[in-house]
Every structure is written in structure tokens, then in C-alpha cells.
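# Structural features, examined
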Amino acid sequence: MSKLKTRAITASGLKVTTMGLGGTGLGNMYRATDPRVAHDTVHAAFANGLRYFDTAPVYGFGLAESRLGEAIASLPRNEIVISSKVGYDLVPIPPEEVKPVLWDAAPPFRADFDYSRDGVLRSIEGSLKRLGVDAIDMLAIHDPDEALHFAPGEDPFAHSRFREAMEGAYPALDELRSQGVIKAVGVGINQWQMLADFVTAGRFDYFLLAGRYTLLEQEPLATLLPECEKRGTRIIIGGPYNSGILATGPVEGATFNTKIAPPAVLERVRRIQRVCESHGVPLAAAALQFPLGHPIVASVIPGARAVAELEQNLAYMRWTIPASLWSDLKTEGLVDAGAPLPTENFRAIAE
């Protein structure tokens, strides 16, 4: 069995494996996943050394948490770190009112934002029941920007629930942390700009950043990440493939931030891919390993909806990437000159 290395989330000793399993696939994101396949994927992750599993109530409207809970019921709980989230209230609705959303064949619920103390406590209670566990290790305030994906030039604060989150959800989670009920408090979000406010507004152990610090984008490098490093806030990178394009390459229909990639992004990825190919390295391998070059990035958590996808991600994590590839990307201006890079002897997996 491969053994994944671990990195710290808290000063008190909580660690996560450098690669975790993102839970959106378990929640039928875009298309339905067979329950047995979901179960087998979680077990394959554990068998291959993954000990960190991320989920959320809104992923499949409870489906992802339930499937993860069913799968880990036969695994040693004390070896597993689970992160989930608060901020959405799952409201039952009649089946005929179900509208097409990200989640295929999901239970009949709608998700309403609720960052109140009572809402947070209800959310945690529901998560515990679905997961079938007595405690959740890490809890993040979910989508205080209303899951906004904004384009260049648009206002990242156009949809902000920052105040609600800090006045309701944060004190509740902070109290649970102080009582030892949870081990880490975070924020899970699709942008970095609002995190620059969160990091100074409270004591956060981690931020789960979906994209934004990837092989394709390094905007938070100059502002957010140094502040996180100063305050001891770790980063977990969700969506390391920028929702698809860094896994598929610049093919027709490639997705970037859940939308069809625009021409400028396609061209940039095309150039990055050429450099990778010149070194005999798959684009996806470079994409998966790149964020871990930064000392405050604790884990990358690509989703996987089948064992084959999981095993492919693990193969990319094992891939030996020469230092010359990273230096060539910097020379061509395709990676920020100040980005810390994985060293040539970097290994996320200890063989």
C-alpha cells in the first residue's frame, strides 16, 4: 500500500494527507454515480493511503455525506480526517418542485443560506447523522459569496455574506473548537479576495480554496498567502484542475471554473501543456503537484467518481517532475516568478 505524506492543519497536531478525496463526485455532481461505485471509490482511496475526506451538506443535498458515511462505517474512524461545511439549510420540497441543478438524481431538497448560530448547529447535527459519526474533525463556513464564480473585472464582493458568517457561524464554530468538539475551523469558497478579509477577522485554521491557486492561476500569491503564512492558516486546494481544463487539456468543450473555457485560457493552457510535454510530464501531473510547492498548502483534493479516476490521480501524484519543467514555466511567464515550487525530490507519496 502506498503511504501518503501528511501536513499539519493545526498547531495542536491535526494533520491531513497531501492528497484527499473531494466529495462532489459522491454527490452526483453533473451526473449520477452508482452507490456501489461511490463506496468502492472511498475504500480504494483508503487502501491507497488517503486519510482525508472532504464533503458538505449541499453536495447532492446530503447524498455525498450519506455515501461517505456508509463507506467509512467499516473503516477505522480514528485513522480518518473528515471535513464538512456549514452555511446551507437543506429544506425538503415536493419532488415536482425539484429544479435542474449541479446535482443529478439528488434527493428533493433546496439549499437556503443560513449562517445563524441555530442554523449552524442544525447543519452539524444533520451532517453527523448522515455521516454516522460522533464528531467531525474540520468544519468550514461554506460559500459566503453565494458560490459565485466571477469573471475578470466583476466584483468578487457583489454577493457577500461575510458579516452574517462572522457574526453567526464563526462564533458558533469557534466555541465548538474551544470545547474540543471540533479540531479546526475554516472557510470554503470559490474566490481568494474574500478570504483576505476572513484571515484577519478571526482565527481560522484553514481555508478550502476551490481553484484560484493552481498551475493556471496564482493571483493570491502576493497578498492572501503571505497573510495566511503569518497567521498559521493552512490552505487546502479544491478543484486543482480548475474544474476540468488542467486534466483534459485545451480540448474543445474544456471547462474552466465550471464554464466553457474562453480562448485566452485555452491558449495559456496550450502553452503550459507544451512545456510539460517537452519534459515528458502529463499536464495533469504538474497541475496536481504544483500547489503543494507552497509551504502553507496542506493538501489537494481532486474529486473522483470512480476507482479508475482515483488511481489516475494517484499516478499523477507519483509522477517524477524535473526541476527544469518548473523553471521553464517561470522563464516563459506561465507561472508567477515568486511561486514556491515542488523540489525535484518532492514526493507526496512515500513508497
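Reading the values: rules and limits
Residues numbered from 1 in each chain as written. Predicted model: local features only at pLDDT ≥ 70, side-chain atom pairs only at ≥ 80, totals over all residues. Heavy atoms only, no water. Phe/Tyr/Trp six-rings, centres within 6.5 Å; stacked < 30°, edge-to-face > 60°. Helix = DSSP H or I, 4+ residues; strand = E, 2+ residues; numbered from the N terminus. Buried < 20%, exposed > 50% of the residue type's maximum accessible area, 1.4 Å probe, protein only. Lys NZ or Arg CZ within 6 Å of the ring centre and 35° of its normal. Arc of directions from axis to C-beta. Contact = heavy atoms within 4.5 Å. Salt bridge = Lys/Arg side-chain N within 4 Å of Asp/Glu carboxyl O. Core = buried A, V, L, I, M, F, W, Y, C linked by side-chain atoms within 4.5 Å.

### Side note on the packing of aromatic side chains
Ring pairs (aromatic) are described by centroid distance and by the angle formed between their planes. Under the criterion given, the structure shown has nine aromatic pairs. Note on Tyr 213 and Phe 290: the rings are 5.4 Å apart at their centroids and 35° apart in plane angle, and the pair reads as tilted. With Tyr 213 in the loop between strand E10 (206–210) and helix H6 (224–231) and Phe 290 in the loop between helix H9 (283–289) and strand E14 (297–301), the pair connects residues that are 77 residues apart, well separated along the chain. For the pair Tyr 213 and Phe 290, one class covers both residues: buried. Each member of the aromatic cluster is reached from another via a ring pair, and the members are Phe 162, Tyr 170, Phe 198, Phe 204 and Phe 207. Above the ring of Phe 46, the side-chain terminus of Arg 51 is found at 3.6 Å from the ring centroid.

### Observations regarding helix H11 (residues 323–331)
One full turn of an α-helix is made of 3.6 residues, so residues set three or four places apart face in the same direction. Taken residue by residue, H11 has Leu 325, Trp 326 and Leu 329 as its buried positions. Buried residues in H11, looked at end-on, bunch into an arc of 95°, giving them a common side. If you follow the buried residues of H11, they end up packed against helix H8 (263–278) and H9. Directly beyond the C-terminal end of H11, a positive phi value near 70° is found at Gly 333.

### Some details on unusual backbone geometry
Despite not being glycine, Phe 61 shows a phi value in the positive range, around 50°. You can see Phe 61 is positioned in the loop between strand E4 (52–54) and helix H2 (63–72). Phi at Arg 212 takes a positive value of approximately 70°, unusual for a residue other than glycine. The topology assignment puts Arg 212 in the loop between E10 and H6.

### Structural notes on the side chain of Gln 193
The residue Gln 193 is located in the loop between strand E9 (184–189) and helix H5 (195–201) in this model. Gln 193 gets classed as buried once you look at its relative accessible area, which sits at 16%. With near-sequence residues (within four places) excluded, Gln 193 lies in contact with Phe 150, Pro 156, Phe 157 and Glu 219.

### Section: the pattern of salt bridges
This model, assessed by the stated rule, comprises 20 salt bridges. Between Glu 217 and Arg 212 there is a salt bridge; the shortest N-O distance is 2.8 Å. Residue Glu 217 shares its accessibility class with Arg 212, and that shared class is buried. A salt bridge links Lys 230 to Glu 227, with the shortest nitrogen-to-oxygen separation between them at 3.4 Å. Linking Lys 230 with Glu 227, this pair stays in helix H6, spanning three residues, or about one helical turn. For Lys 230, a relative accessible area of 62% corresponds to the exposed category.

### Details of the nonpolar core
One finds Phe 207, Leu 215 and Ile 245 to be the most contacted residues of the largest nonpolar core, which totals 99 residues. Once residues lying within four places of it in the same chain are set aside, the contact partners of Phe 207 are Val 187, Leu 195, Phe 198, Val 199, Leu 224, Cys 228, Thr 233, Arg 234, Ile 235 and Ile 236. Met 138, Ala 184, Tyr 206 and Ile 236 belong to the second largest nonpolar core, which has 13 residues in total.

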